[in-house]
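These are the residues of each chain, in order.
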Amino acid sequence: MNTHLSTAEGGVAAAMQLIGGASVEARAGRRIEVVCPSDGLPFASIPRSGDEDVDAAVRAARQAFDTGPWSRMTAAERGRCLTRLGLLVERHADELAALESRDTGKPARQGRADVAATMRYYEFYGGAADKIHGDTIPFLDGYTALTLREPHGVVAGIIPWNYPLQILSRVAGAALAMGNTLVVKPAEDASLTAIRIAELALEAGFPPGVFNVITGYGREAGAALSAHPGVDYVTFTGSPLTGTAIQQAAAVNNRGVTMELGGKSPQIVFADADIEAALPVLVNAITQNGGQTCSAGSRVLVERPVYEKVAAALAARFSKLVAGPHDADLDLGPLISAKQKERVAGMVAAAEEAGAAVLARGSIHPDAPASGYYFAPVLFGSVDPGMAVAQQEVFGPVLALFPFDDEADAVRLANGTEFGLVAGVWTKDGARQHRVAKKVRAGQVFVNGYGAGGGIELPFGGFRKSGHGREKGFEALYDMSATKTVVFNHG
Ligand code: ADP
């Protein structure tokens, strides 16, 4: 079933999408070139689906949900399918990691880390599938009331390009554990591993039609999927603007949605913090995956007495950062696309024009192909909190530093954007750790650390513009199901 790179088409390996257990072309026969960001050259192609293909995928998922063997499987059996899929991911780890790195440009070690997290999603949700249950509720005399956790039905997952394997698998793990069927639309810039995972899912014993993947552009296949009346629930990770479009489309059918829409996440460094321990974490939080991470720590707030010291230490580290091809496994790879590079460069230029001081820049490896989408990391100092680079998600390796005066000022600054996804708090003062963790508006707060590193067990999601609903952990199982209350009148 290894179809993703198996059929050559004019020298370009042609991947197929997976509908109802079959590898199929888009009905109109159109394709999208797949480019490796490290050199900007095409190395594969994917089907460019439209309304008809989306309709076929939703119908396949509907049939599998309503009448297929999936609808009769016990929770334990669903869990076993997920566990087997995790083991298959482990067996194909090298292949998946290499494919993910080539498709996205992410450094080889990040590709491997993503595969390890992917495996954990299926392991975790495989084990969790039969451990979610309802309640019995004390009610009127002569009655017994209970709740059942029921799947929504057909879940549409619209997946971004930054962590294709991981984000696909956090959606699939929770949705399938609860008995939904899936239609997934990976990003046009990074679809190959999603196709491969759906193939492995068939091998793992998921019945045909349970795990469908359609490929294509967001404005075509993505828009058709989010508006399709046969879809019961939509989950999306990506930019706030696209999130709004998807919610509007889903609202036409009044469908529920989970939205993970990124952030402008702060790390707060108090003067008493272990700064040596914090420094590598502060740098990694914005350079991992080239800063193309929803939970990137893109703002660092530093208490004034140590501001100059932290700024100088970060500048020293930033100036040593090197971007290069995915297989060179340097500090960071290229950005995903020419469009993304242009966007990041535009935001950096605008920040400089607005008066933000560049404290340091990293570099691009001299051997990196000129046709790749490389962008050298940038550290901005003493940023005005009103600037666009302080308020908007850059989605690139761009860190903004801010001084603050006291705890109240730190919390005000931390909460001073429209986002609220993740925050970091660095201090040795235990009472302050608790106070600040409670006051910052973020779906996850890390104290003396930052980032989940996968963190499959940890509920994740945003406040305000960062979105709503929770993924990961047991929480995701509630989002991926609905409570049904059943009341018996037995007198
Ligand atoms: P980017 O603009 O960087 O590609 P997006 O957040 O727009 O980031 O993309 C994330 C995912 O959303 C991708 O799978 C993309 O194809 C999809 N998408 C983009 N636009 C739409 C849309 N209007 N409706 C549904 N899906 C979309």
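Residues numbered from 1 in each chain as written. Predicted model: local features only at pLDDT ≥ 70, side-chain atom pairs only at ≥ 80, totals over all residues. Heavy atoms only, no water.

1. Let's talk about the pairing of strand β22 (residues 444–447)
Move 1: Burial of β22 is one-sided: the residues Gln444 and Phe446 facing one way are buried, the residues Val445 and Val447 facing the other way are not.
Move 2: Pairing between strand β21 (residues 422–426) and β22: four bridges, direction parallel. Bridge pairing links Gly424 to Phe446 in β22.
Move 3: You can see the chain leave β21, run along helix α14 (residues 430–439) and come back into β22, and the turn it takes is right-handed. (Buried < 20%, exposed > 50% of the residue type's maximum accessible area, 1.4 Å probe, protein only. Helix = DSSP H or I, 4+ residues; strand = E, 2+ residues; numbered from the N terminus. Pairing = 2+ DSSP bridges. Right-handed = clockwise from strand over helix to strand, strands pointing away.)

2. Brief notes about unusual backbone geometry
With glycine set apart, most residues show a phi of negative sign, and most peptide bonds adopt trans.
Move 1: The phi torsion at Ser382 lies on the positive side, around 40°, for a residue other than glycine.
Move 2: Along the chain, Ser382 turns up in the loop between β19 (378–381) and α12 (388–391).
Move 3: Even without being glycine, Lys472 reaches a positive phi, approximately 70°.
Move 4: Take Lys472: it is sitting in the loop between β23 (467–468) and α15 (475–479).

3. What to know about the sheet that holds β22
Move 1: An order of β17-β19-β20-β15-β14-β21-β22 is seen for the seven strands of this open sheet, with the pairing classed as mixed. Whereas interior strands pair on both sides, the edge strands pair on one side only; in this sheet they are β17 (357–361) and β22. Neighbour-to-neighbour, the strand axes of the sheet open up by a mean angle of 20°, direction not taken into account.
Move 2: Of the strand pairs in this sheet, β17 and β19 are connected by four bridges, and their pairing is antiparallel. Along β19, the bridge assignment pairs Ala360 with Leu379. (Axes fitted to C-alpha atoms, helices over the stretch in contact; angles between N-to-C directions.)

4. Side note on helix α2 (residues 75–91)
Move 1: Under the 1.5 Å per step criterion, the end-to-end length of α2 is 24 Å for 17 residues, consistent within 8% with the ideal 24 Å.
Move 2: Restricting attention to buried positions, one finds in α2 the residues Arg78, Gly79, Cys81, Leu82, Leu85, Gly86, Leu88 and Val89.
Move 3: Against α3 (93–104), α4 (108–128), α5 (164–177) and α6 (192–203) lie the buried residues of α2. (Expected span 1.5 Å × (residues − 1). Contact = heavy atoms within 4.5 Å.)

5. Observations regarding the domain arrangement of the protein chain
Move 1: According to the domain assignment, the protein chain consists of domain 1 (6–261 + 468–485) and domain 2 (266–456).
Move 2: For domain 1 and domain 2, the distance between their C-alpha centroids amounts to 30 Å.
Move 3: Listed as interface residues are 34 residues of domain 1 and, on the opposing side, 31 residues of domain 2.
Move 4: Taken together, the connections running from domain 1 to domain 2 amount to two salt bridges.
Move 5: Asp329 is paired through a salt bridge with Arg109; the nearest N and O atoms lie 2.8 Å apart.
Move 6: At the junction of domain 1 and domain 2, the tally comes to 15 residue pairs in polar contact (both at pLDDT 80 or more).
Move 7: Within the residue set of the side of domain 1 that touches domain 2, elements represented by two or more residues are β5 (31–36), α3 and α4.
Move 8: With nine residues, α4 is the single largest residue contributor to the side of domain 1 that touches domain 2. (Domains from an automatic or database assignment. Salt bridge = Lys/Arg side-chain N within 4 Å of Asp/Glu carboxyl O. Polar contact = N/O pair within 3.5 Å; in protein donor to acceptor, adjacent residues only side chain to side chain.)

6. Quick notes on the pattern of salt bridges
Move 1: One pass over the full model with this rule turns up 23 salt bridges.
Move 2: Note that Arg48 and Glu220 form a salt bridge whose closest N and O atoms lie 2.7 Å from each other. You can see Arg48 sitting in the loop between β6 (41–47) and α1 (51–66) and its partner Glu220 sitting in helix α7 (residues 218–227), a full 172 residues away along the chain.
Move 3: What emerges from the salt-bridge pattern is a single network uniting Arg62, Asp66 and Asp232.

7. A word on the packing of α1 against α7
Move 1: With their axes 9 Å apart at the nearest point, α1 and α7 run at an angle of 40° to one another. Overall, the two elements α1 and α7 adopt an arrangement that is oblique. Two packed elements cross with a definite hand, and for α1 against α7 that hand is right-handed. Judged by residue contacts, Asp51, Val54 and Val58 of α1 engage Ala221, Ala224 and Leu225 from α7.
Move 2: When the residues that make up the contact of α1 with α7 are grouped by side-chain class, the tally is five nonpolar, no polar and one charged. (Parallel < 35°, antiparallel > 145°, perpendicular 65-115°, else oblique. Left-handed = near helix turned anticlockwise from the far one by under 90°. Nonpolar A, V, L, I, M, F, W, Y, C, P; charged D, E, K, R; others polar.)

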